[in-house]
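The lines below spell out each chain.
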Amino acid sequence: MMLPLLRSSAALRKAPLAARNARLAPVAALGRRSFGGHGDPRGHLNPDGTRPEAEDIEDYHDPDPIDHTPRLNLVKERGQTFVVSGDPPKSYSQLWPGIAQKNVP
């Protein structure tokens, strides 16, 4: 029962070298393509052929968000600390003056 299977696999293995290379030719052709390789191949270099200097973060400054937060009004009452707002809550019309609030149920 196993003999025909072994014969067919051996026949495929003994295929001529030219037939095997013909099947691999399209794959080899893909390796020669250069997608996205258009333009100046030396465009990443300086005009004199040297590499540009790597960017450094010499004068970089990351602002500290704590410096830009409003000061908290803390009230200590009955042993607990509460945060009190400095300005009272605003009405809807003060927050969004362009949106009319007429006929609101």
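These numbers were taken from a predicted model, which means no experiment stands behind them. (Residues numbered from 1 in each chain as written. Predicted model: local features only at pLDDT ≥ 70, side-chain atom pairs only at ≥ 80, totals over all residues. Heavy atoms only, no water.)

Caption draft 1: Examining a negative patch on the surface more closely. Where like charges cluster on the molecular surface, the negative patch consists of Glu53, Glu55, Asp56, Glu58 and Asp59. By secondary structure assignment, the location of glutamate 55 is in the loop between α2 (17–32) and β1 (73–77). Assessed through its relative accessible area of 80%, glutamate 55 is described here as exposed. (Patch = residues over 30% accessible without salt bridge, like charges linked within 9 Å, V, L, I, M, F, W, Y side chains within 5 Å. Areas by Shrake-Rupley, 256 points an atom, 1.4 Å probe, with all protein chains shown as cover. Salt bridge = Lys/Arg side-chain N within 4 Å of Asp/Glu carboxyl O. Lys, Arg positive; Asp, Glu negative; His and termini not counted. Charge placed at Lys NZ, Arg CZ, Asp CG, Glu CD. Helix = DSSP H or I, 4+ residues; strand = E, 2+ residues; numbered from the N terminus. Buried < 20%, exposed > 50% of the residue type's maximum accessible area, 1.4 Å probe, protein only.)

Caption draft 2: The arrangement of a nonpolar patch on the surface in detail. Among the surface-exposed residues, Tyr92, Leu95, Trp96 and Ile99 lie close enough to one another that they form a single nonpolar patch of about 410 Å² accessible area. Structurally, leucine 95 can be placed in helix α3 (residues 92–95).

Caption draft 3: The arrangement of the environment of tyrosine 92 in detail. Tracing the backbone through its elements, the reader meets tyrosine 92 in helix α3. Owing to a relative accessible area of 39%, tyrosine 92 belongs among the partly exposed residues under this scheme. Sequence-distant contacts of tyrosine 92, defined by excluding residues within four places in its chain, comprise Ile99 and Gln101. (Contact = heavy atoms within 4.5 Å.)

Caption draft 4: Seen up close, the packing of aromatic side chains. Considering all chains together, one arrives at 1 aromatic pair under this definition. Between tyrosine 92 and tryptophan 96, the aromatic rings sit 4.8 Å apart at their centres with planes inclined by 45°, giving tilted as the arrangement. (Phe/Tyr/Trp six-rings, centres within 6.5 Å; stacked < 30°, edge-to-face > 60°.)

Nothing here speaks to function; it is all geometry.
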